[in-house]
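Chains, contacts and geometry: an overview
One letter stands for each residue in the lines below.
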Amino acid sequence: MAAAAAAGPVFWRRLLGLLPGRPGLAALLGRLSDRLGRNRDRRRRRSPWLLLAPLLSPAVPQVTSPPCCLCPEGVHRFQWIRNLVPEFGVSSSHVSVLSSPTEFFELMKGQIKAARRRVVMASLYLGTGPLEQELVDCLESTLEKSLQAKFPSDLKVSILLDFTRGSRGRKNSRTMLLPLLQRFPEQVRVSLFHTPNLRGLLRLLIPERFNETIGLQHIKVYLFDNSVILSGANLSDSYFTNRQDRYVFLQDCPEIADFFTELVDAVGDVSLQLQGDDTVQVVEGMVHPYRGDRAAYCKAANKRVMDVINSARTRQQMLHTQTFHSDSLLTHEDAAAAGDRRPAPDTWIYPLIQMKPFEIQIDEIVTETLLTEAERGAKVYLTTGYFNLTQAYMDLVLGTRAEYQILLASPEVNGFFGAKGVAGAIPAAYVHIEQQFFSEEQEQLYLRSGVVSSATFEQPSRQVKLWVKMVTPLIKNFF
């Protein structure tokens, strides 16, 4: 499953929902009510604690998950997802999983050097160290070769980053990319997504780093001609050396490459465009993300992105009707006889999009459905560098019939570990989130068996509570 996600809004009242309080017992009934078609009990809200001046937040739209029923024999059980997003069938021979940050970095450089038609890179930010400069130099060298070719080159480089994270400090992602823009203005595009929720007085008052808690561009896709790397890694030295992440390399998959090119173009069109003099401009005819009307901007952005999703979904459904989902799938021999050199698909890829400011919550719908429909005895594996489940996900996990195995990063590898001030407490706050979740899981277990009451569980010290109260509002939905 491929996942692409742009940042959703951070509503301050929701950010404060992690403080100690009563457990979400409604999850016990939630599973049963979902299965019977009744409305699931909604999340509980906990006492607010204010870190910064609170903002009035709009109501969070309710999401109704589609039914996930067993599919007919011969059809895989996840086929229902293609009603929401395009379904891409590929051969597993074209899919490889990279095993290390170094392999990821070397593959990126090799793919950039070999690119002839397009390079598309979407990330939170581009770092400013020597390894990041090496990556920029690879782009420059490839662009230079395209200009020296005997025939005019159509090589295009499109880079999508987050505005706030990419503008942090004097030397930043923008200054790293300016030379490319200045030298190859017709071939290079740098788009900086700016959340529509950071505007007005709030934008003026919140300093750097803290303004990134309001919302971020978080797609991580790296595309070279018809090959794609889907990852959680940013374009930063730690992700190239010792920070392990996921990296799935899809080689020679033109339909997937076309889709992600169109998706990044769509998000780029509703973003600010970096100019050669380090200024930014909106695309002609587009509403400004923080100066223009917020509702009009979000509506236009929703249409732009959903047009890409829906057109690709229709395109893939027509293709699959003719080939993949017919009564008899083509065998390798039949495909070869028909002149199709690509092997028959045995792997299905669904790009799940989450852009909550634009009321696009496909990833949320699918994830809640998968967690809800996990059968008794099934195993669910969750891995994350930052354990920060939404309350809805927590309720589903706490009331699950499946067995969960959760792998988390150590606080020592958190980017804020050892930092000064409030930022230095962020790793400890993540640990508190994990401990609180584990305590609730144990509490639910004991309450179901009638062994103990919720009053027997140990609470953190006052000092830890103080730091958590200060830092937790920043952590909720930080990424």
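Residues numbered from 1 in each chain as written. Predicted model: local features only at pLDDT ≥ 70, side-chain atom pairs only at ≥ 80, totals over all residues. Heavy atoms only, no water.

Before going further, it helps to examine the pairing of strand S4 (residues 118–122). In terms of burial, S4 is largely enclosed, as five of its five residues are buried. Burial along S4 is two-sided: Arg118, Val120 and Ala122 facing one way and Val119 and Met121 facing the other are all buried. Judged from the five bridges that link them, S4 and strand S5 (residues 156–162) form a sheet pairing that is parallel. Opposite Ala122, over in S5, you have Leu160 as the bridge partner. (Buried < 20%, exposed > 50% of the residue type's maximum accessible area, 1.4 Å probe, protein only. Helix = DSSP H or I, 4+ residues; strand = E, 2+ residues; numbered from the N terminus. Pairing = 2+ DSSP bridges.)

A word on the environment of Glu443. Mapped onto the fold, Glu443 is located in helix H14 (residues 426–449). Assessed through its relative accessible area of 8%, Glu443 is described here as buried. Glu443 sits 45 residues away from Leu398 along the chain, and the two C-alpha atoms are 9.7 Å apart.

Attention now moves to the environment of Asp278. As for its placement among the helices and strands, Asp278 is situated in the loop between strand S10 (272–274) and strand S11 (280–282). Under the relative-accessibility criterion, Asp278 is labelled partly exposed at 28%. Contact partners of Asp278, with chain neighbours within four places excluded, come to Arg174 and Leu178. (Contact = heavy atoms within 4.5 Å.)

Here we come to the confidence of the model for the protein. Considering every residue of the protein, the mean pLDDT works out to 79; 72% of them sit at 70 or more. Ignoring residues within four places in sequence, the model shows residues 1–74, a span with pLDDT below 50, making 165 contacts including any to other chains. Segment residues 451–460: pLDDT under 50, and 14 contacts once partners within four positions in sequence are set aside and those in other chains are kept. (pLDDT = per-residue confidence, 0-100.)

For the rest of this paragraph, the subject is unusual backbone geometry. Unusually for a residue other than glycine, Arg209 sits at a positive phi of about 75°. You can see Arg209 is positioned in the loop between helix H7 (200–205) and strand S7 (221–224). When its relative accessible area of 35% is taken as the criterion, Arg209 is described as partly exposed. With a phi angle near 55°, Asp252 is a residue other than glycine that sits in the positive phi range. Take Asp252: it is sitting in the loop between strand S9 (247–250) and helix H9 (254–269).

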